[in-house]
Amino acid sequence: MLRIDINLVFTIINILVLFIALRFVLFKPVKKILDERQAEADREWEEAKEKQKSADEAKLEYDNSLASIEKKRQDTLAEAREKGEKEYQSIIGHAQAQARDIVDRAVTEGESQRKKILESAEEEIADMVVAAAGKVAGTASGADFDRSLYDEFLSKKTGDDS
């Protein structure tokens, strides 16, 4: 059986002294180190949360900036297309006006040339008629004379053409 004597009391006192000594020497410094590490971990956790929040805000700002830049790019492209289309229409209109002017001048010049040719032909025909009438009126008449005038007319005309 278990005996209660002085050795048991000394053993309990030794255990209590050992516990108190270990508590001050071992448990308190270890607890202090653990508390410091926990505090450092908590501080790093808070810093990480702040950095994450800052990164999220920066990403949001970046996304907004990117969207703004894309909108500006689209607006600039639309404006450039609009200006290009206006310039294209202006150039086409100018070219069409020049083409109409060229065609109008060509038609006018053609008409003028046609009138000159017709007037020249009329003058030549009139001169031939006058010459033929003068020959007919000034000289003899008859079938032989008419034939000779006709031959002379043809020879003059073929001589002019060659």
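Everything quoted here is computed from the prediction, not taken from an experiment.

Chemist: Which residues make up the overall build of the protein, and what are the values?
Modeler: Scanning the protein from terminus to terminus reveals two helices and zero strands. Taken over 162 residues, the protein has a buried fraction of 1%. Accessible area of the protein: about 14700 Å², with a carbon and sulfur share of 61%.

Chemist: Pulling in residues and values, what's your account of a negative patch on the surface?
Modeler: A contiguous patch of negative charge, built from Glu119, Glu122, Glu123, Glu124 and Asp127, is present on the exposed surface. Mapped onto the fold, Asp127 is located in helix α1 (residues 6-138).

Chemist: Which residues make up the pattern of salt bridges, and what values do they have?
Modeler: Counted under the stated rule, the structure contains eight salt bridges. Here Asp63 makes a salt bridge to Lys59, at a shortest N to O gap of 3.2 Å. Of this pair, Asp63 and Lys59 both sit in helix α1, four residues apart, which is roughly one turn of that helix. One salt bridge connects Glu70 with Arg73, and the closest N-O pair in it is separated by 2.6 Å. Of this pair, Glu70 and Arg73 both sit in helix α1, three residues apart, which is roughly one turn of the helix.

Chemist: So what's going on with a nonpolar patch on the surface? Which residues, and what values?
Modeler: Among the surface-exposed residues, Leu18, Phe19, Ile20, Leu22, Phe24, Val25, Leu26, Phe27, Val30 and Leu34 lie close enough to one another that they form a single nonpolar patch of about 970 Å² accessible area. Position of Phe27 among the secondary structure elements: in helix α1. Residue Phe27 is classed as partly exposed on the basis of its relative accessible area of 46%.

What counts and what doesn't
Residues numbered from 1 in each chain as written. Predicted model: local features only at pLDDT ≥ 70, side-chain atom pairs only at ≥ 80, totals over all residues. Heavy atoms only, no water. Helix = DSSP H or I, 4+ residues; strand = E, 2+ residues; numbered from the N terminus. Buried < 20%, exposed > 50% of the residue type's maximum accessible area, 1.4 Å probe, protein only. Areas by Shrake-Rupley, 256 points an atom, 1.4 Å probe, with all protein chains shown as cover. Patch = residues over 30% accessible without salt bridge, like charges linked within 9 Å, V, L, I, M, F, W, Y side chains within 5 Å. Salt bridge = Lys/Arg side-chain N within 4 Å of Asp/Glu carboxyl O. Lys, Arg positive; Asp, Glu negative; His and termini not counted. Charge placed at Lys NZ, Arg CZ, Asp CG, Glu CD.

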